[in-house]
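Listed here are the chains, written in short residue letters.
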Amino acid sequence: MDKFTLPDGLGLRQATASDQPFLASLFHSTREAFYLSGQDKDYIHHLIDQQFDLQTEAYGEQSPDAMTFIVDKSGTPIGRLVLDFGKKIAHIVDLSFIPKARAKGYGKAVIQAVQHIAQKQRLPVGLSVEHQNSRARKLYLSLGFAPYENSISHAFMLWYPVLG
């Protein structure tokens, strides 16, 4: 998949090595609360860098066939989709956006694109959501996802294609 065009000037393209600085910056933007701890900013920055490396490694171990895509808006990177499109399930491993691109419907558009492709392949789509993230959970429910399995911190949700 070279480039996949979505509504409203959104696009998906496979991430390359040159996207690494953007991906690291995006990860940092999802950890802004760490800077509120009062700790030294360099220490926090280093800690978040380590978390990013550990997350990248964990995703590689847990979903070795997953692909990382850059979500762009009119050619400018605004997010990341990590997608493991297997033989039995399309697993959205991670979907995140830069702060100014959040709560604008971009996540919904990306998930609907994944659902569209999965529908053609007759595959369910799965994703995890933190229990405390009620906004994301509400979005997933509105897109037809249903809770499937719970852990201490997350719910794994599934969407099933309409067969017929």
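### A short note on the nonpolar core
Counting 39 residues, the largest nonpolar core has I78, L81, I92, V125, Y140 and F145 as its most contacted members. At seven residues, helix 3 (residues 106–121) tops the list of elements feeding residues into this core. Apart from residues no more than four positions distant in its own chain, F145 is found in contact with I111, Q115, V125, L127, Y140, M157, L158 and W159.

### A short note on the pairing of strand 6 (residues 125–130)
Bridge count for strand 5 (residues 90–97) against strand 6 is three bridges, and the pairing is parallel. Directly across from A90, in strand 6, lies its bridge partner V125. With respect to chirality, the unit in which strand 5 leads through helix 3 into the neighbouring parallel strand 6 is right-handed. As paired elements, strand 6 and strand 8 (residues 154–159) share six bridges and run antiparallel to each other. Looking at strand 8, one finds that V129 is bridged to A155.

### Description of unusual backbone geometry
Even without glycine at this site, A103 takes up a positive phi of about 60°. Residue A103 is classed as exposed on the basis of its relative accessible area of 62%. Phi is positive for R122, which is not a glycine, with a value near 55°.

Here is what the cut-offs are and how they apply
- Residues numbered from 1 in each chain as written.
- Predicted model: local features only at pLDDT ≥ 70, side-chain atom pairs only at ≥ 80, totals over all residues.
- Heavy atoms only, no water.
- Core = buried A, V, L, I, M, F, W, Y, C linked by side-chain atoms within 4.5 Å.
- Buried < 20%, exposed > 50% of the residue type's maximum accessible area, 1.4 Å probe, protein only.
- Helix = DSSP H or I, 4+ residues; strand = E, 2+ residues; numbered from the N terminus.
- Contact = heavy atoms within 4.5 Å.
- Pairing = 2+ DSSP bridges.
- Right-handed = clockwise from strand over helix to strand, strands pointing away.

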